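Chain and residue survey
Residue strings, one per chain:
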Amino acid sequence: MADGARALLGSRGGSPASSPQLGGRSRSQPPPAPLSAPGHGFRRVTLTKPTFCHCCTDFIWGLAGYQCEVCNFMSHEKCLKHVKIPCSCVASSLVRIPVAHCFGPPGHYKRKFCTVCRKQLESLAFRCEVCELHVHTDCLPFACSDCRQCHQDGHQDHDTYHHHWREGNLSSSARCEVCKKTCGSSEVLSGMRCEWCGILAHASCYIIVPPECTFGRLRNMILPPNCVRLVSRNFSKMHCFRISESLQTEPGKQTLKIFDGNDAVKRNQFRLISVPRIAKSEEVVEAALRAYYVNDDQQHYELQTFSQQTLFSDDIINRNDATEETSPGPVFREAAPEAWIIRAKSKDHEVIRIYPGWLKVGMAYISLRIDKESTTQTVIKEVLRLLGRQSECLQNFKLLEVLMASKQVQRMVLDDQEMILSRLRDIRKTSIRQMNQTRFYIVENNKSVVRVNLFVGGLPPQLSAEEYTNILKDDLAIKTNLLSLSHVYSVQGAVVLEMSCFSEAERIYMVAKDTTVNDKQLTAAVIPEVLHTKLPQNCCPLLVFVNPKSGGLKGRDLLYSFRKLLNPHQVFELTNGGPLPGFHTFSQVPYFRVLVCGGDGTVGWVLGALEEIRHMLVCSEPSVAILPLGTGNDLGRVLRWGAGYSGEDPYSILISVDEADDVLMDRWTILLDAQEAVESAENGILEPDPPKIVQMNNYCGLGIDAELSLGFHHAREEEPGKFNSRFHNKGVYVKVGLQRINHTRNLHKEIKLQVDQHEVELPSIEGLIFINIPSWGSGADLWGSDHDNRFEKPRIDDGLLEVVGVTGVVHMGQVQSGLRSGIRIAQGAYFRVTLLKPTPVQVDGEPWIQPPGQMIISVAGPKVHMLKKSKQKQKKTGSLKETRTDSVSIAEVGH
């Protein structure tokens, strides 16, 4: 498994120890090649059927194969000398800077392999939402915390990033950047891929690739990790990235439950092993250690029977003082216990590794011998001596215990008088596996400034900072001495809290998600800080908004893909606080673009939020691209993004966004001023609706067009689960239309129209539509292409709207079939519509019944910058790999 080597060579460029005491290398040197077969326990196996070699991906036949007893790595005998992938049991020890993974809910992933046990995922499994790690459910606790480092967390400060290698799960057509041969396989976990730039290589070739990563073809769109700061401490990575668990026994063998410590007993989390009934105690211990991916010498461990008095029992198999006659005997007697606990034997001294990773001393770790008298203070003193810093005051340093669990990296400062040997015993007693995932760092005792930014939305709009503070005091019990309101978005009803205490930030985050104010659910999101002054000169990061409710399950898949291809800090899920958290995060970025993944309604939502917050952005006019996920997708069609997303490669989509042309588009404001009194829900008094303003991007319809949209809207509200495909949605539209095919409204008698201060006489129509773009009703050309001297040729940036009438459902069907166009009525820049009766109205697909009154339509402020897909086809290359990576000259570094 390459996880340890990958994180070591990727995030900071560390290396395994190169001497017995002082391990590692200088940060300025390229990483050395890993030792051959690091940590594997290979044994020759007899293969009854063809198996693939994890090194060269060729078949292994007969007696020519070797298998690691811990991680199942298979290799030819001839390939053993080329094995550079570390075993799962040592992978975590090679990670220099631990970064936790983000595991979503379990799912089924076809033709994927577990990174821990290397077996195919045939049942429910987990995948990381940020990197390409896939693991079985029961292998999850053994995945090391070696995810992509997507931000600085206050412990490291470096601007050069190395490749972050991940092994396996490549397509069978993947080709090695070094030797140009196939390195991927759909039959075995093989090949290496950088999760930043996408470069591919064999496991035996990737060490030749120059270590520095330039982020590949998407470098200008990626938000560089060194430009993002987020001091998260024990915040889950799911919170940081805003990302909304039978065995068949072989004949003649016995199945045992194995616990790896007290914590596993309390949680009832065990692993099953199958051993012969006449197995010796040493063989059972060895099998138990392999089950927990521990490759230590079995002589250092023993088994304890599981009983009601487990935590206090002295019934130990293979105890230290056992006689020679009893030790080698079989484990199973007449009544074998159902479960066992692995225990580490007591030691009078040990050798531990102390990592000075955040002191920038040019080495990976220091090996240090400790005994019963060793305390935290004596360890710090000895480490400083070995580092040549013995003259410095001990009080300026502290020893940090770091648990590198797969889901969360936890840190704890050890007391100066803590007995280290006793601490190691306690950890092992809690969990043998946890000991393998625990590390000790020496760090400077500088008082760091804690600053956590928390976005809280769903508050009442149009309030002052003082009023928002009072609401948060009453509903969230905030402590004003520990936080301040750094930003207030009064129009949207949201604030950004700047916290100086981790525990208070974690408490407010959890409480806010279960709090309602004025019957509205609050939202909370951890917001990173973008260090805009460190952004490269030509960097134009892409801010991605995804509506996971659009396009069935495609929105969720796109979230996953874009988090992989970009920095997850630049990908925002619109169901968690809307567009505002994303725009706030990018508020100081001098130049960025936006990609909206959703339907026309989602695009309007984001453009409306952009208009409201534009004055608070350094880049006040970012260009917006569209990935259409809705039903009609008319704006996406006009801008050449297609009729709807149908599974195209997300990487190719990003390339198209990068190459898209910048165009301008008008936006329109609609003032709705109802004059008819309606009954107030609060006091029962008849009151007119207050004036309301809505924004329009595509079109506005009155009459039969809006009535069909309203019917569809009601049908979707009744059974929202069925509306997960464009085909079904269009079928419902047809059904609603057929139900109203004989309906007669005489709209021309119910409304009056003024265009640019001139009265316009309406023909006999059932629907009136104002169009801003040359696409309506899923791509129909309502205005038509015929030349007419009365009107100018429509454009999306001409400051004019076209007014078209339709005579009914049949006419609308003919328009959508291309048989007819609408009735051209007018073209202008300012419109007043007088509604004499309650009338169905829809704006960009959002329908309602508007009471009698006035509707005024006028141009809304500056034109919005949109991205139109370029007509020029992407230049074909030899392979997908060559489009994703820079051209790397291997000849410059030699083989």
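Residues numbered from 1 in each chain as written. Predicted model: local features only at pLDDT ≥ 70, side-chain atom pairs only at ≥ 80, totals over all residues. Heavy atoms only, no water.

Regarding the nonpolar core
If you look at the biggest cluster of nonpolar residues, it comprises 139 residues, and the most contacted ones within it are V135, F562, F583 and L595. Every residue in contact with F562, bar those within four places of it in the chain, is listed here: V544, V546, V571, L595, C597, L627, P650 and L654. With 27 residues, the next largest nonpolar core counts L672, C700, A826 and I857 among its residues. (Core = buried A, V, L, I, M, F, W, Y, C linked by side-chain atoms within 4.5 Å. Buried < 20%, exposed > 50% of the residue type's maximum accessible area, 1.4 Å probe, protein only. Contact = heavy atoms within 4.5 Å.)

A closer look at helix α15 (residues 650-659)
Counting buried positions over the 10 residues of α15 gives 7, a clear majority of the element. Listed in full, the buried residues belonging to α15 are P650, Y651, I653, L654, I655, S656 and V657. (Helix = DSSP H or I, 4+ residues; strand = E, 2+ residues; numbered from the N terminus.)

Here we look at the packing of helix α11 (residues 554-565) against α15
Between α11 and α15, the least distance of the axes is 10 Å, while the angle of their chain directions is 65 degrees. If you check the angle between α11 and α15, you find them roughly perpendicular. The crossing of α11 and α15 is right-handed. Where α11 abuts α15, its residues L558, S561, F562 and L565 lie against P650, Y651 and L654. Of the residues in the contact of α11 with α15, the class split is 6 nonpolar, 1 polar and no charged. (Axes fitted to C-alpha atoms, helices over the stretch in contact; angles between N-to-C directions. Parallel < 35°, antiparallel > 145°, perpendicular 65-115°, else oblique. Left-handed = near helix turned anticlockwise from the far one by under 90°. Nonpolar A, V, L, I, M, F, W, Y, C, P; charged D, E, K, R; others polar.)

Re the confidence of the model for the chain
Here the chain shows a mean pLDDT of 80. Residues at 70 or above account for 82%. Element-level mean pLDDT values for the chain span from 34 in helix α1 (residues 3-12) up to 96 in strand β30 (residues 542-546). In this model residues 245-250 is a low-confidence stretch, pLDDT under 50, and it forms 9 contacts with partners more than four residues away in sequence or in other chains. Contacts of residues 331-335 to residues separated by more than four positions or lying in other chains number 10 contacts, the stretch itself having pLDDT below 50. (pLDDT = per-residue confidence, 0-100.)

Re the pairing of strand β44 (residues 823-828)
Along β44, 5 of the 6 residues are buried, which leaves the element largely enclosed by surrounding structure. Inspection of the sheet shows strand β43 (residues 801-806) paired to β44 by 5 bridges, in the antiparallel sense. Note that in β44 the partner of G805 across the bridge is I823. (Pairing = 2+ DSSP bridges.)

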